[in-house]
Amino acid sequence: MDKIRIFGGTPLRGVIPIGGAKNAALALMPACLLTDETLSLSNLPHLVDITTMANLLSQHGVSMSLNGHAANGGHTGRVLELTAANISNTTAPYDLVRKMRASVLVLGPLLARCGQAKVSLPGGCAIGTRPVDLHLKALEQMGARIQVEGGYVVADVPGGRLKGAHVVFPQVTVGGTENTLMAAALADGETVIANAAREPEVCDLAHCLIAMGAKIDGLGSGTLHIQGVERLHGAQYSVLPDRIETGTYAVAAAITRGDIELVGARRDLMQSVEKVLVECGAVIEDTERGFRVCADRTRLTGVDIMTEPYPGFPTDMQAQLMALMATADGASMITETIFENRFMHVPELARMGARVNVHGASAIVRGVPKLSGAPVMATDLRASVSLVLAGLAAEGETVVNRVYHLDRGYERVEEKLAACGARIERIKDGDAAE
Ligand code: UD1
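Residues numbered from 1 in each chain as written. Predicted model: local features only at pLDDT ≥ 70, side-chain atom pairs only at ≥ 80, totals over all residues. Heavy atoms only, no water.

**Q** Looking at this model, I keep getting lost on the overall build of the chain. Mind explaining?
**A** Across its full length, the chain holds 14 helices and 24 strands. What you see for the chain is a C-alpha radius of gyration of 22 Å, in line with the 22 Å of a compact globule of 434 residues. Along the first, second and third principal axes, the C-alpha set of the chain runs to 65 × 45 × 45 Å. Taking all 434 residues of the chain together, 58% fall into the buried category. Taking the contacts inside the chain whose residues are at least 6 apart along the sequence as the reference set, 74% of them involve residues at least 24 apart. Accessible surface, the chain: about 16,300 Å² in total, of which carbon and sulfur atoms supply 49%. (Helix = DSSP H or I, 4+ residues; strand = E, 2+ residues; numbered from the N terminus. Rg over C-alpha atoms; globule rule 2.2 N^0.38 Å. Buried < 20%, exposed > 50% of the residue type's maximum accessible area, 1.4 Å probe, protein only. Contact = heavy atoms within 4.5 Å. Areas by Shrake-Rupley, 256 points an atom, 1.4 Å probe, with all protein chains shown as cover.)

Next comes the structure, spelled out in structure tokens:
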């Protein structure tokens, strides 16, 4: 397995291009199942999770072609055309779903278009049990018959077409809202989704569905009204910039006391993160191409954080901010309210000298003057990147193991950081260097 080696301590200065949002792309791609015409998606990031979704869709019978020219050394300028003219298979197999939970997002579209689907249950993951019960309840309310057999959700729609329903989510669920939204777009009658997720990626999906002919009101609010239509058509859509990638590199600037311009980034998508960074002592300014984050003060101040659904502070930025707080002056209390087991990075950060105590859903971080490099191992995507960030700030050498997590969500991470002066390299599996 590849590793990443970092010699920390260099303030990062330069420019980082921000790619398309992984989590938006993972919802937009299955939307192609809703129409027999072509859905063209541009600004897709080049990531392992996107390839996994492409593999899943192709085994359902979706034909795909990648066109256009790559920009920024990645796939940014490319357009992926997805055509589900004939859905030849409505089963999402365990082998693909277990690799990526977002695979469950094919369930709503398959049920809406084909009236049947068999999708493996994703199972647990490193950050908690993460059930899909709310997705299933919403689809049942819309008339689907659902059973769990042999680890699979086996669903069909008596009469062939889902019906509009009043779905009230007892807790905000991004994936649940997305699955219901896609199902409702082709259902018979009106669906109301109350306590809907307001994440920008959910709005991106809604905008794309509207471009495909769907009738959706209430975008960006907690209540979505969807008037089902008989059929959807093809569309061209550009994925919004990744706010979590943006926030991660903003932390890279702050934690190394550097100065980075984030090109193509949208500041309005990360206001809760900006608030924390500014309270810490970082400075954020608009530029013509995005915005820049700098922290020329030697010491930053600890700030309390609580993760919440959007527009609150994102759980996907919690680990990165913990790395930052580990180097700030004073104490910071970090409370995780979305996932029950999302402090897996704590013992690894502790190996680098961070002082963190976990009490239930909260962690108290007491900043230290300097972290020190160490070999570390990560269990999930955002935990991995928090260790990279800590390594950039630490004295000496850090080796992050299990880099495959990073490749799921960060495109060319070591290249982007190296371009700003980071001493970082990938050690390929099998390389003698250790
Ligand atoms: C999405 C994001 C993930 C992010 C999360 C929260 C994608 C591909 N992933 O994940 O990066 O961390 O939103 O912002 O977009 N829950 C249930 N039952 C359900 C569904 C969810 O109990 O049926 C619970 C989950 O266990 C969790 C909470 O609801 O505690 C929120 O989960 P959800 O918003 O659904 O997260 P995902 O869509 O899986």
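Moving on from the coordinates now.
**Q** I'm lost on the environment of Gly 8 in this one. Help?
**A** Along the chain, the position of Gly 8 falls in the loop between strand S1 (3-7) and strand S2 (13-17). The spacing of Gly 8 and Leu 389 is 381 residues in sequence and 9.2 Å in space, taken between C-alpha atoms. Discounting residues that sit within four places of it in the chain, Gly 8 has contacts with Gly 391, Leu 392, Ala 394 and Gly 396.

**Q** For this particular structure, what's the right way to read the side chain of Thr 307?
**A** Within the fold, Thr 307 resides in the loop between strand S18 (305-306) and helix H10 (318-325). Of note is the side chain of Thr 307, whose polar atom sits 3.2 Å from the side chain of Glu 336. (Polar contact = N/O pair within 3.5 Å; in protein donor to acceptor, adjacent residues only side chain to side chain.)

**Q** Is there a simple way to explain helix H8 (residues 243-255) in this structure?
**A** Spacing of three or four residues puts side chains on the same side of an α-helix, whose turn is 3.6 residues. Between its first and last C-alpha atoms H8 spans 18 Å; for 13 residues at 1.5 Å apiece the expected length is 18 Å, and the two agree. The buried fraction of H8 is high, at 13 of 13 residues. Just downstream of H8 lies Arg 257, where phi reads positive at about 55 degrees. (Expected span 1.5 Å × (residues − 1).)

**Q** Explain the nonpolar core here, please?
**A** Across soluble globular proteins, you tend to see nonpolar side chains buried next to one another. Among the nonpolar cores identified, the biggest contains 80 residues, and Met 29, Leu 57, Leu 111, Leu 162, Leu 181 and Leu 209 are the most heavily contacted of them. For Leu 209, the residues in contact, after removing those within four places along its chain, are Ala 31, Leu 34, Leu 181, Met 182, Ala 214, Ile 216 and Leu 232. Formed by 70 residues, the second largest nonpolar core is a distinct cluster that contains Leu 12, Ala 254, Leu 262 and Leu 349. (Core = buried A, V, L, I, M, F, W, Y, C linked by side-chain atoms within 4.5 Å.)

**Q** Help me understand the packing of H8 against helix H12 (residues 381-393), please; the structure alone is not making it clear to me.
**A** Helices that pack against each other are described as a pair by the angle of their axes relative to one another and the distance between those axes. Relative to each other, H8 and H12 sit at 20 degrees, their axes nearing to 9 Å. In terms of axis orientation, H8 runs roughly parallel to H12. Considering the relative orientation of H8 and H12, their crossing is right-handed. For the pair H8 and H12, the contacting residues are Ile 244, Thr 248, Val 251, Ala 252 and Ile 255 in the first and Arg 382, Val 385, Leu 389, Ala 390, Leu 392 and Ala 393 in the second. Residues belonging to the contact of H8 with H12 are distributed by class as follows: nine nonpolar, one polar and one charged. (Axes fitted to C-alpha atoms, helices over the stretch in contact; angles between N-to-C directions. Parallel < 35°, antiparallel > 145°, perpendicular 65-115°, else oblique. Left-handed = near helix turned anticlockwise from the far one by under 90°. Nonpolar A, V, L, I, M, F, W, Y, C, P; charged D, E, K, R; others polar.)

**Q** Explanation requested: the site of the ligand in the structure shown.
**A** Neighbouring the ligand are 18 residues, the closest being Asp 133, Leu 134, Thr 173, Asp 316 and Ile 338. Thr 173 is positioned with one of its side-chain polar atoms (N or O) 2.7 Å from an oxygen atom of the ligand. Contact distances for the ligand include 2.8 Å between an oxygen atom and a backbone N or O atom of Gly 175. The biggest single contributor to the shell around the ligand is helix H5 (residues 133-141), with three residues. For the shell around the ligand, the per-class residue count stands at eight nonpolar, six polar and four charged. (Near = heavy atom within 4 Å.)

**Q** Before we go on, may I ask you to explain the sheet that holds strand S10 (residues 166-168) in this structure?
**A** Sheet strands line up and pair through hydrogen bonds in the backbone, either parallel or antiparallel. With mixed pairing, four strands are arranged side by side in an open sheet as S10-S11-S13-S12. Unpaired on one side and paired on the other, S10 and strand S12 (215-217) mark the two borders of the sheet. Each neighbouring strand pair of the sheet contributes to a mean axis angle of 15 degrees, computed without reference to strand direction. Sheet analysis places S10 next to strand S11 (residues 190-194), joined by three bridges and oriented parallel. Bridge pairing in S11 links Val 168 to Ala 194. (Pairing = 2+ DSSP bridges.)

**Q** Help me understand the sheet that holds S2 in this model?
**A** As summarised here, the arrangement of the four strands in space is S2-S15-S17-S16, forming an open sheet in which the pairing is mixed. If you trace the sheet from one side to the other, it starts and ends with S2 and strand S16 (283-286), each paired once. Each strand of the sheet is rotated relative to its neighbour by a mean of 20 degrees, with strand direction disregarded. Alignment of strand S15 (residues 259-263) against strand S17 (residues 290-294), held across five bridges, turns out to be antiparallel. Paired with Leu 262 across the strands is Phe 291, a residue of S17.

**Q** Explain the environment of Gly 330 here, please?
**A** Tracing the sequence through the fold places Gly 330 in the loop between H10 and strand S19 (331-335). Exposure remark for Gly 330: the relative accessible area of 46% places this residue in the partly exposed category. Residues Gly 330 and Leu 300 lie 30 residues apart in sequence; the distance between their C-alpha atoms is 9.0 Å. Not counting residues within four places of it along the chain, the set of residues in contact with Gly 330 comprises Val 365, Arg 366 and Gly 367.

**Q** Looking at this structure, I do not really get the pattern of salt bridges. What am I missing?
**A** Side-chain pairing between opposite charges can occur once the charged atoms of the two side chains come close. According to the stated counting rule, one finds 24 salt bridges in the structure shown. Arg 408 is paired through a salt bridge with Asp 49; the nearest N and O atoms lie 2.7 Å apart. Here Asp 49 lies in helix H2 (residues 48-59) and Arg 408 lies in helix H13 (residues 404-409), a separation of 359 residues in the sequence. Note that Asp 316 is salt-bridged to Arg 342, the shortest N-O span being 2.9 Å. Remark: Arg 342 occurs in the loop between S19 and helix H11 (346-351) and Asp 316 occurs in the loop between S18 and H10; sequence separation between them is 26 residues. Residue class for Asp 316 comes out buried when judged on its relative accessible area of 16%. Looking at Arg 342, the relative accessible area reads 6%, which means it is buried. A single network of salt bridges, built from pairs that share partners, joins Asp 2, Asp 407, Glu 414, Arg 426 and Lys 428. (Salt bridge = Lys/Arg side-chain N within 4 Å of Asp/Glu carboxyl O.)

From the geometry alone we can't say anything about function, so treat these as descriptive.
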